[in-house]
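As a plain string of letters, each chain reads:
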Amino acid sequence: MTPHNIANLDKAFRPTSVAVIGASDDATRISGRALHYLIRSGYEGAIYPVNNRRDTVQGLTAYASLSDLPAAPDVALIALPSRLLEDSLTECVDMGVCAAVIYAAGFAETGSDGGQLQDRLAKIAADGGVRLLGPNCLGLLHTGSGFTGTFSSAFDAGLPTPGQVAIVSQSGAYGGHLAYLCEKRGVGVGYWVSTGNEAGTDVADCIHWLALQDDVEVILAYAEGIRDGDTFRAALQAAHDNRKAVVFMKVGESEIGAHAAQSHTASLAGADAVFDGLCTQYGIYRARTTQEQVDVAYAASRGVFPHGRSLGIITVSGGFGVQLCDAASRHSLDVASLPETGRDKLRALNPMGSDNNPCDTTAGWLNDMSLITKTFDVMYADGGYDSIIGSFTMLPDSPTYGDDIRAAIGAGTSRFMDRPTVLCMEARAEVVEAYEAEGFLVFDDSERAALALSALAQLREGFDREIGALSVPREQVDFGSSALSELDAQRLLVDAGVPFPRAVLTTSASEIPDAVAALDFPVVMKIVSPDIAHKTEIGGVLLGIADAQQASAGFDTLVARARAAQPDARIDGVMVSETCPPGVETIIGVVSDPVFGPTVMFGLGGVQAELYKDVAFRVGALDLAEAHRMIEEIDGYPLLTGFRGAPKSDIDALAELLVNVSRFAVAHSGAFASLDLNPVMVLERGVLALDSYLDVSLG
C-alpha cells in the first residue's frame, strides 16, 4: 500500500471535516441520517451540510454548493441521485476533497448502463486522486472520533462501544448486522466500513489499511468475491506481519473455468476451495456462520491466545466433561492426561472428585471454595495446559455462591492469565460481564467454547508462522496454443525438477526391441496423444509388459484402441517406461485461478482424487515449510507416515517436488491453464510422477 493510499484512507476513516452533499433536514431520510448521526455522536470535526434549497439543515448552516464551503473537507458523503453524481464527484476533485462516499444504488449491479456510469465515476475519482467508497454502499465510521459517515439503521441506537475490532463488509446490511451482534455480545468496534460495488476501494484495501492501525487487533471481513488477487494477498500479508486476527466470512461457490473436463485439478479447484487454501496459507480464520464469526471475534478481541492446543477441563458434573471432550475432539484440541504428580495432588485435595483430565470436582467444593482454586492451580501448573474450560452450569448466577465462585476461580487462575480460561455457564448479563472484566471468556455452550479456543489456536499458529513473499523470475516461453502430449509435457517438467521413470517414445512396433533395450522389464506402455487426456478411460495404458515381444504386440493394441475411441486424435506414438516401485499414490496439480493466479493442489492420487476430494490448495510459490504444512493438511497424510506397518514415504522429496512445481507455475504464469501430475508415487526414497497433463489452451 503506497503512502498516498494510506493517507487518503486515513482521511476517509478519521476525517477532520465532513461535507454531506444533498443533506436533508429530515433525519429519517437516507439523505438526512448520516448528518443526524454525526450531530448525535458528538463528532468534533467541521460538518458542512450542502443543500441549495435551505439556509440551515438540522440546525447547522447549509451551503448551496461544495465550492461555497470555507475549506475543502476531508470527506464528502454524497447523498444524491445517480444523475447528479458525475458533476458532484467532479466538484469534489476540483475542491481537493480527499475521499468521497457514494450511497446511491443502481450501478454495476443493475446491468450495462449502470456499469458504464460506475466506470465513469471510478475514472473521475482515480484521475482526480479522490478515494472513492461505493457506490451502492452504506459508508463508514470511526467510533473513536465520533465520525459516522453512514446511514445504516444498525446505528439507530447509537455508535458501537469503542474497541479493538474493525468490520469491513462488501454488504452493508451484513456489516451492520455484525456490528449489532458485536454490541450485543460486548465486543467493542472501533472501525466499520461497507465497500458496496467497490469502484475505487475494495475489501482488500480496507483490510490492508486496518492492519496498519495500532488501535485494531481483530478484523471481521465479509465478501462475496475478491476482485484483485494480488492486492488481497498483500492485505493478508500485512495482517499477518502485524499480528492482526482476520476472521473472514466468504460466501458463494463457483467452478474455476472451462477446463474442468480435462483437468483433475481444475475439477476440484472451485473458487471456494482455493479461498480455503489461501486462508490456511496466511493464517486467516474462515468462519462458516455469523455466530461463529462473532464468537471468534469476541474471543480474539481479548488479545490472549493459547500457545498450543492442549486443553484442561474442569467440571461440576461428569456429563459436561464428556460433552467438552467430544467438542474438543471435533475441533482438534488435545485433552491430554494430567501427569502423575498432578493426579496425586488432586487425589489428596479432593478424594471425592476425579484425579485426571477432565477433572470432575463434584459439588463438594461448594462447602470449601478453596478446592476450586487449588484445582485450577494444579491443572495449569502441573498439567501445563494451554487453556482450560471450566463448566459450572448456572452456579455462578447463584445469589448464595456466585461472588465466592468468581473469587475462587480468579485466585486459581491469577498466575496463568497469559493463556485463555473459558467458562461455560448460564448467568445474568451483569454476572457474565463481571467475569469478562476479570479476563475470562464466557460461553453458554460447550461446542461454541471449544470452537472459539480452536480458532484462537489457529490464529496463534498463523501469527507464529513465517510467511514471506517468494520472488520467482518470470520466464518468457511459448508452449503453443494446442494441447501437449504427455511426452512433450514431461520434457518441459523434467527441467523444472519433476522426476519421471526412464522412458522412450516409439513410433512403430518394429522399433520396439531396439528402443526398449536399455530399459528394465517389466515396463508400462501408454498411448501418446495431445488429444487424449485421460488414457486409462480408453484403455490407453498397459501394465506389466514382460519382454520386447509383448511390447511390440502392445504397441499395435494401444494404437488400435486409440483409433477406435477417438478416430480424429493425433497419435505421436507409444511411450514405454520402466515400472515404478510400490509407494503411495498422490496428485500434484496447478490451475491458473482467474483471481489469484497460479494455484497448487496436493492430495491423494489416482481415481481417489476426485472421489474423496481430500486435497489442499496454496497460491503462488511455496517454500519447504509451507509445502510440508500442505502435505500434513490432508486427511490421508497418515498413509505417507507408515500407516499400519507400511514403509514411511519420502515426505521430504515430496515437499521438494511441490516447491519445484509451484515455482514452475509462477515462472510460467499465463502460459498454461492447468497441470496434472497424477499419480505421483511417493516412494521410500524419492518420488516419481507417473503421468502428466499440461493444458496450454487458455481459451
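Along each chain, residues carry numbers from 1 onward, in the same order as the chain's sequence is written. Only residues with pLDDT of at least 70 are given local features in this predicted model, and only at 80 or more are side-chain atom pairs given and counted; all residues enter the totals for whole chains, interfaces and linings. Hydrogens are left out, water is left out, and the side-chain values use all remaining heavy atoms of the structure.

Considering the sheet that holds strand β19 (residues 441-443)
Filter applied, for reference: Two strands qualify as a pair provided DSSP detects at least 2 bridges between them. Only DSSP runs of H or I covering at least 4 residues are called helices, and only runs of E covering at least 2 are called strands; the numbering of each starts at the N terminus. The contact definition used throughout considers only heavy atoms, calling two residues in contact when any of these lie within 4.5 Å. Axes here mean lines fitted to C-alpha atoms, for a helix over just the part in contact, with angles spanning 0 to 180 degrees between N-to-C directions.
Strands sit in the order β16-β15-β17-β18-β19 across an open sheet of five strands; the sheet is parallel. Either end of the sheet is taken by a strand with one partner, and the two such strands are β16 (359-360) and β19. Examined bridge by bridge, strand β15 (residues 311-315) and strand β17 (residues 387-391) share five bridges and lie parallel to one another. The residue bridging Leu 311 from the neighbouring strand is Ser 387, located in β17. In the packing of helix α11 (residues 318-330) onto the sheet, contacts are made with β15, β16 and β17, and the angle to β15 comes to roughly 160°. Across the sheet, helix α13 (residues 370-383) is in contact with β15, β16, β17 and β18 (421-424); its angle to β15 comes to roughly 165°.

Digging into the packing of helix α21 (residues 624-633) against helix α22 (residues 651-667)
Applied cut-off: Here roughly perpendicular refers to angles of 65 to 115 degrees, roughly parallel to angles under 35, roughly antiparallel to angles over 145, and oblique to all remaining angles. Definitions for this section: a left-handed crossing has its near helix turned counterclockwise from the far helix by less than a right angle. A right-handed crossing has that turn clockwise.
At their nearest, the axes of α21 and α22 sit 9 Å apart, and the two run at 115° to each other. When the interaxial angle is binned, α21 and α22 end up roughly perpendicular. Like other packed secondary-structure pairs, α21 and α22 cross with a definite hand, here right-handed. Of α22, the residues touching α21 (which contributes Leu 624, Ala 627, His 628, Met 630 and Ile 631) are Ile 651, Asp 652, Leu 654, Ala 655, Glu 656, Leu 658 and Val 659.

Concerning the pattern of salt bridges
Condition: For salt bridges, the criterion is a side-chain nitrogen of Lys or Arg within 4 Å of an Asp or Glu carboxyl oxygen. The classification of residues rests on relative accessible area computed with a 1.4 Å probe and restricted to protein chains. Under 20% of the type maximum is buried, over 50% is exposed, and intermediate values are partly exposed.
If you walk through the whole model with that rule in mind, you get 41 salt bridges. When the shortest N-O distance is used, the salt bridge between Asp 382 and Lys 345 registers 3.1 Å. Separated by 37 residues along the polypeptide, Asp 382 in helix α13 and Lys 345 in helix α12 (residues 340-349) bring together distant segments of the chain. In this structure Lys 345 comes out as partly exposed when scored by relative accessible area, which is 43%. In this structure, Arg 428 and Glu 430 form a salt bridge, with 3.6 Å as the shortest nitrogen-oxygen distance. When its relative accessible area of 47% is taken as the criterion, Glu 430 is described as partly exposed. One network of salt bridges, with partners in common, ties together Glu 340, Arg 343, Asp 344, Arg 347 and Asp 355.

Points about the pairing of strand β1 (residues 17-21)
Remark: a regular strand shows side chains that alternate across the two faces of the sheet. Our working definition: For crossovers, right-handed means that the path from the first strand over the helix to the second runs clockwise, given strands pointing away from the viewer.
The buried fraction of β1 is high, at five of five residues. Side chains Ser 17, Ala 19 and Ile 21 of β1 all project onto a buried face; the interleaved residues Val 18 and Val 20 project onto the opposite face, where all are buried too. As judged from the five bridges shared by β1 and strand β2 (residues 46-50), these two strands associate in the parallel manner. The partner of Val 18 across the bridge, within β2, is Ile 47. After leaving β1, the chain enters helix α2 (residues 30-40) and then returns to the sheet as β2, a path that is right-handed.

Here's the deal with the confidence of the model for the protein
In low-pLDDT segments, the atomic positions of the prediction should not be examined closely. Put simply, the rule is: As a per-residue measure, pLDDT tells how confident the predictor is, with possible values from 0 to 100.
When pLDDT is averaged across the protein, the result is 92; 96% of the residues are at 70 or more. Contacts of residues 254-262 to residues separated by more than four positions or lying in other chains number 24 contacts, the stretch itself having pLDDT below 50.

Side note on the pairing of β17
With five of its five residues buried, β17 lies for the most part within the structure. Here β17 pairs with β18 via four bridges, running parallel. Opposite Ile 388, over in β18, you have Thr 421 as the bridge partner.

Some points on the domain arrangement of the protein
So the rule is basically this: Reported domain spans reflect what an automatic or database domain assignment gives. The term buried area means the drop in 1.4 Å probe accessible area that two parts suffer when joined, counted for both and summed.
Taken domain by domain, the protein holds domain 1 (1-151), domain 2 (158-301), domain 3 (310-464), domain 4 (502-578) and domain 5 (584-695). Between domain 1 and domain 2, the C-alpha centre-to-centre distance is 25 Å. In this assembly, 30 residues from domain 1 lie in contact with 26 residues from domain 2. Surface buried jointly by domain 1 and domain 2 totals about 2200 Å² across both partners, of which 61% is contributed by carbon and sulfur atoms. Per-residue buried area on domain 1 facing domain 2 is highest for Met 1, Phe 13 and Thr 143; these three make up 28% of the total on that side. A salt bridge links Arg 131 to Asp 205; its shortest N-O distance comes to 3.6 Å.

Some thoughts on unusual backbone geometry
Cis peptide bonds are those with omega within 30 degrees of zero, and the linkage from Gly 134 to Pro 135 qualifies with 0°. Positionally, Pro 135 belongs in the loop between β7 (131-133) and β8 (139-142). Note the cis peptide between Asn 678 and Pro 679, where omega equals 5°. Mapped onto the elements of the fold, Pro 679 is located in strand β27 (residues 674-682). Despite not being glycine, Gln 58 has its phi angle at roughly 50°, a positive value. Relative to the assigned elements, Gln 58 resides in the loop between β3 (56-57) and β4 (60-61). A residue is classified by how much of its surface remains accessible, and Gln 58, at 18% relative accessible area, is buried.

Considerations on the packing of aromatic side chains
Put simply, the rule reads: Two rings belonging to Phe, Tyr or Trp (six-membered ring only in the last case) form a pair when the distance between their centres is within 6.5 Å. Interplanar angles under 30 degrees mark stacking, angles over 60 mark edge-to-face geometry, and anything in between is tilted. Should the NZ of a Lys or the CZ of an Arg lie within 6 Å of a ring centre and within 35 degrees of the ring normal, that charge is described as sitting over the ring.
Tallied over the full model, the rule gives 19 aromatic pairs. Each residue in the set Phe 232, Phe 248, Phe 275 and Phe 596 is aromatic and connected to the rest through ring pairs, giving one cluster. Of note, Arg 185 hangs over the ring of Tyr 298, and the distance from its end group to the ring centre comes to 3.8 Å.

Topic: the packing of α12 against α13
Rule in force here: Under this grouping Gly is polar, as are all residues other than the nonpolar Ala, Val, Leu, Ile, Met, Phe, Trp, Tyr, Cys and Pro and the charged Asp, Glu, Lys and Arg.
Between α12 and α13, whose axes approach to 9 Å, the crossing angle comes to 170°. Comparing the axis directions of α12 and α13 gives the class roughly antiparallel. Residue-level inspection shows Thr 341, Gly 342, Lys 345, Leu 346 and Leu 349 of α12 in contact with α13, the latter providing Leu 371, Lys 374, Thr 375, Val 378, Met 379 and Asp 382. For the contact of α12 with α13, a count of residues per class yields five nonpolar, three polar and three charged.

Looking at the sheet that holds strand β22 (residues 541-545)
A sheet is described by the order of its strands in space; here four strands give the open sequence β20-β23-β21-β22, paired in antiparallel fashion. At either margin of the open sheet sits one strand with a lone partner, and together these are β20 (503-506) and β22. When the angles between neighbouring strand axes are averaged without regard to direction, this sheet yields 20°. On top of the sheet, helix α17 (residues 486-494) reaches β20, β21 (523-528) and β23 (573-578); it is set at about 50° to β23, its chief contact. Along the sheet, helix α19 (residues 548-565) makes contact with β20, β21, β22 and β23, crossing β21 at roughly 30°.

Topic: empty space enclosed by the protein
Basically, it comes down to this: Of the grid points, spaced at 1 Å and generated over the protein atoms alone, those admitting a 1.4 Å probe that cannot get out make up cavities, while open sets with protein on both sides within 12 Å along at least five of seven lines make up pockets; any residue with an atom within 4 Å of a point is treated as lining. Grid points are joined across faces, edges and corners, and a volume is the space filled by probe spheres set on the points.
By the definition in use, this model includes four cavities of 30 Å³ or more. In terms of lining residues, the largest cavity is bounded by Leu 484, Ser 485, Glu 486, Ile 527, Val 528, Ser 529, Pro 530, Ile 532, Ala 533, Lys 535, Ser 692 and Tyr 693. Among the secondary structure elements, those contributing two or more residues to the lining of the largest cavity are β21 and β29 (692-695). Residue composition of the lining of the largest cavity, grouped by class: seven nonpolar, three polar and two charged.

Comments concerning the nonpolar core
What counts here: Put simply, a nonpolar core is a bunch of buried Ala, Val, Leu, Ile, Met, Phe, Trp, Tyr and Cys residues held in one set by side-chain atoms that sit within 4.5 Å of each other.
Leu 77, Val 168, Ile 207, Phe 232, Phe 248, Trp 365 and Tyr 435 are the most contacted members of the largest nonpolar core, which has 136 residues in total. No other element matches helix α16 (residues 446-464), which puts nine residues into this core. Once residues within four sequence positions are removed from consideration, Phe 232 is found in contact with Ala 204, Ile 207, Ile 226, Phe 248, Phe 275, Leu 278 and Phe 596. With 39 residues, the next largest nonpolar core counts Val 600, Phe 602, Met 630 and Leu 675 among its residues.

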